[in-house]
Amino acid sequence: MSTTLITGGTVVTASGTLDADVLVEGEKIAMVLARRPGLEVTMTADRLIDATGKYVLPGGIDVHTHMEMPFGGTSSADTFETGTRAAAWGGTTTIVDFAVQAKGTSLLATLDKWHAKADGNCAIDYGFHMIVSDVNDTTLKEMDACIEAGVNSFKMFMAYPGVFYATDGEILLAMQQAARSGATVMMHAENGIAIDQLVAQALAAGRTDPVEHGLTRPPELEGEATSRAITLAQVANCPLYIVHLSARHALEAVAQARDTGQNVFAETCPQYLFLSIDDLARPDFEGAKFVASPPLRPKDHQDSLWRGLRTNDLSVVSTDHCPFCFKDQKELGRGDFSKIPNGMPGVEHRMDLLHAGVAAGRLPLTRWVEVASTTPARMFGLYPRKGVIAAGSDADIVIYDPQARQTLSAATHHMNVDYSAYEGLEITGRVVTTLSRGRVVIDDGTYQGSTGHGTFLARGLNQYLL
Ligand code: URP
Ligand code: ZN
Ligand code: ZN
């Protein structure tokens, strides 16, 4: 079994920092040995990695990605191969992607389809959630079979009528089924019925620019849907996880539910922490690069989201990575903002952007690791295999230079998309080395991974439930 010794670094976990060396044996962490003055321990290994002056982190876990997802008349631009490679460049060693049930099809056939897309193609480990877009007796029964197959989180939509939208009754039925089986329902909480009316009004008035995407999806309609989802989950006694929370209004509803002890959790994404509706309003159709749902909000929502991350009303930061090229894909919506494919790239930059938050004093160092790795692992049944630097855990390890400077740009990123939402942004911090199950994937600016190294992760229960 090959061994790797990471020396001289500061191990950062959700619970603290430790000057320690880490010994990896095969795919697992064998030992974390604290360095103490006067205590000399000599270890040998096949490979030595000097992490002096660097952080040694558990690999990032991005629980919200959409690789090669059919959506908006096209397909997201990263395949499992290109998207997982880009993730590794940015220090993410696990993704949980969404299998998408098309109306009229079965959940299990959908799962097979997503396995076929991912198997043998991923650079890092991966799991699946299931998007339920067709609630019927068969689907409800199949939810249990999905759980057996390691997929125990189901995303539903209060938005996109005619596509993914589920009625309150359908949501309640799926929540009751999930509650019986110990699964978590993930909710896209926007009032899609009301939004569609606002969209129709904007188009009828000749308002067609990308900024209208934001103006027709006001934060109140995210807040209302979030409250409604929470109420339905309460009635069904079902754990609820609000995805891609963007608005202060929704955060208030989540905080209130959590204060009562309800099993309600939420994630936000870097785009809502760093970008705003001003980006959607960029001229010459540039705003299309920033079209995602929920939309980017006025800047003053950002402070609330950073605060929510510190108070744990927001437990996770994922990316909702759903890239569409500007050319030919975003351009489908020239002259009609409602035809711009919804989604933004980001899987490569989540760890870096959150570290920028640490450097700016918005997030404690240990909280960075918690929201980007440890809590996602616990929330989605991967802990302690993933999400921690500890003996026995998978050797998914990131060596991170907190002093390095970098400028984010489409010219240098590795995602298969022709623009960066953060073009020209200068940040402090950079991944030096990424290990996935003991194997070096990124080594100081070179890719050393291989397609197919990543394996499917059958996930267990949400560990935050009583
Ligand atoms: O605009 C977005 N968020 N696209 C991806 C699909 C979703 O709703 O998560
Ligand atoms: Zn969504
Ligand atoms: Zn999404």
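Above this text you will find the structure in question.
Calculation rules
Residues numbered from 1 in each chain as written. Chains lettered and ligands numbered in written order. Predicted model: local features only at pLDDT ≥ 70, side-chain atom pairs only at ≥ 80, totals over all residues. Heavy atoms only, no water. Helix = DSSP H or I, 4+ residues; strand = E, 2+ residues; numbered from the N terminus. Rg over C-alpha atoms; globule rule 2.2 N^0.38 Å. Buried < 20%, exposed > 50% of the residue type's maximum accessible area, 1.4 Å probe, protein only. Contact = heavy atoms within 4.5 Å. Areas by Shrake-Rupley, 256 points an atom, 1.4 Å probe, with all protein chains shown as cover. Lys, Arg positive; Asp, Glu negative; His and termini not counted. Charge placed at Lys NZ, Arg CZ, Asp CG, Glu CD. Pairing = 2+ DSSP bridges. Donors = N, O, S within 2.8 Å, 3.2 Å for Na, K, Ca; no water. Axes fitted to C-alpha atoms, helices over the stretch in contact; angles between N-to-C directions. Tetrahedral: all angles 85-135°; square planar, octahedral: opposite > 155°, others 65-115°. Parallel < 35°, antiparallel > 145°, perpendicular 65-115°, else oblique. Left-handed = near helix turned anticlockwise from the far one by under 90°. Nonpolar A, V, L, I, M, F, W, Y, C, P; charged D, E, K, R; others polar.

Turning our attention to the overall build of the protein. Broken down by element type, the protein carries 13 helices and 20 strands. Here the protein has a C-alpha radius of gyration of 21 Å; the compact-globule value for 466 residues is 23 Å, and the two agree. Counting all 466 residues of the protein, 61% fall into the buried class. Contacts in the protein between residues far apart in sequence, at least 24 positions, make up 75% of those at least 6 positions apart. Within the structure as shown, the protein displays about 16600 Å² of accessible surface, and the carbon and sulfur contribution to it stands at 50%. Counting 38 positive and 54 negative side-chain charges, the protein places the centres of these two groups 1 Å from one another.

Before going further, it helps to spend a moment on the pairing of strand S7 (residues 60–65). Most of S7 sits out of view: 6 of its 6 residues are buried. Bridge analysis of S7 against strand S10 (residues 92–100) gives 4 bridges, and the strand direction is parallel. Its bridge partner lying in S10, Asp62 is registered against Ile95.

A separate point is the coordination of the zinc ion (ligand 2). In an ideal octahedron of six donors the angles at the metal are 90 or 180 degrees, and in an ideal tetrahedron of four donors they are 109.5 degrees. Here the zinc ion (ligand 2) is held by the protein donor atoms Lys155 (NZ), His188 (ND1) and His244 (NE2), which lie 2.1 Å from it. Within one chain, the residues donating to the zinc ion (ligand 2) are spaced in sequence as K-x32-H-x55-H. The distance between the zinc ion (ligand 2) and the zinc ion (ligand 3) comes to 4.1 Å. Of this pair, His188 sits in strand S13 (residues 184–188) while His244 is found in the loop between strand S14 (240–242) and helix H8 (248–259), placing the two residues 56 residues apart along the sequence.

One open sheet holds the 8 strands; their spatial order is S7-S10-S11-S12-S13-S14-S15-S16, and the pairing between them is parallel. Among the strands making up the open sheet, the edge pair consists of S7 and strand S16 (316–317). Against the sheet, helix H1 (residues 80–89) makes contact with S10 and strand S11 (125–131), and its axis sits at roughly 145° relative to S10, the strand it touches most.

This brings us to the coordination of the zinc ion (ligand 3). Coordination sphere of the zinc ion (ligand 3), protein contribution only: His64 (NE2), His66 (NE2) and Asp320 (OD), at 1.9 to 2.1 Å. With 4 donor atoms in place around the zinc ion (ligand 3) and angles of 89 to 131° between them, the coordination shape is tetrahedral. Read N to C, the donor residues that coordinate the zinc ion (ligand 3) are spaced as H-x1-H-x253-D.

As a further point, take the packing of H8 against helix H11 (residues 301–311). Contact geometry for H8 and H11: axes closest at 9 Å, N-to-C directions at 30°. The pairing of H8 with H11 is recorded here as roughly parallel in orientation. Two packed elements cross with a definite hand, and for H8 against H11 that hand is left-handed. Every residue of H11 that contacts H8 at Arg248, His249 and Leu251 is listed here: His301, Ser304, Leu305 and Gly308. Residues belonging to the contact of H8 with H11 are distributed by class as follows: 2 nonpolar, 4 polar and 1 charged.

This paragraph deals with the packing of helix H12 (residues 350–359) against helix H13 (residues 365–379). Orientation of H12 relative to H13, taken along the N-to-C sense of each, is 150°, at an axis distance of 9 Å. Comparing their axes, H13 and H12 come out roughly antiparallel. Viewed along their axes, H12 and H13 form a crossing whose handedness is right-handed. Contact residues: H12 offers Arg350, Met351, Leu354, His355 and Val358, while H13 offers Leu365, Trp368, Val371 and Ala372. Split by residue class, the contact of H12 with H13 holds 7 nonpolar, 1 polar and 1 charged.

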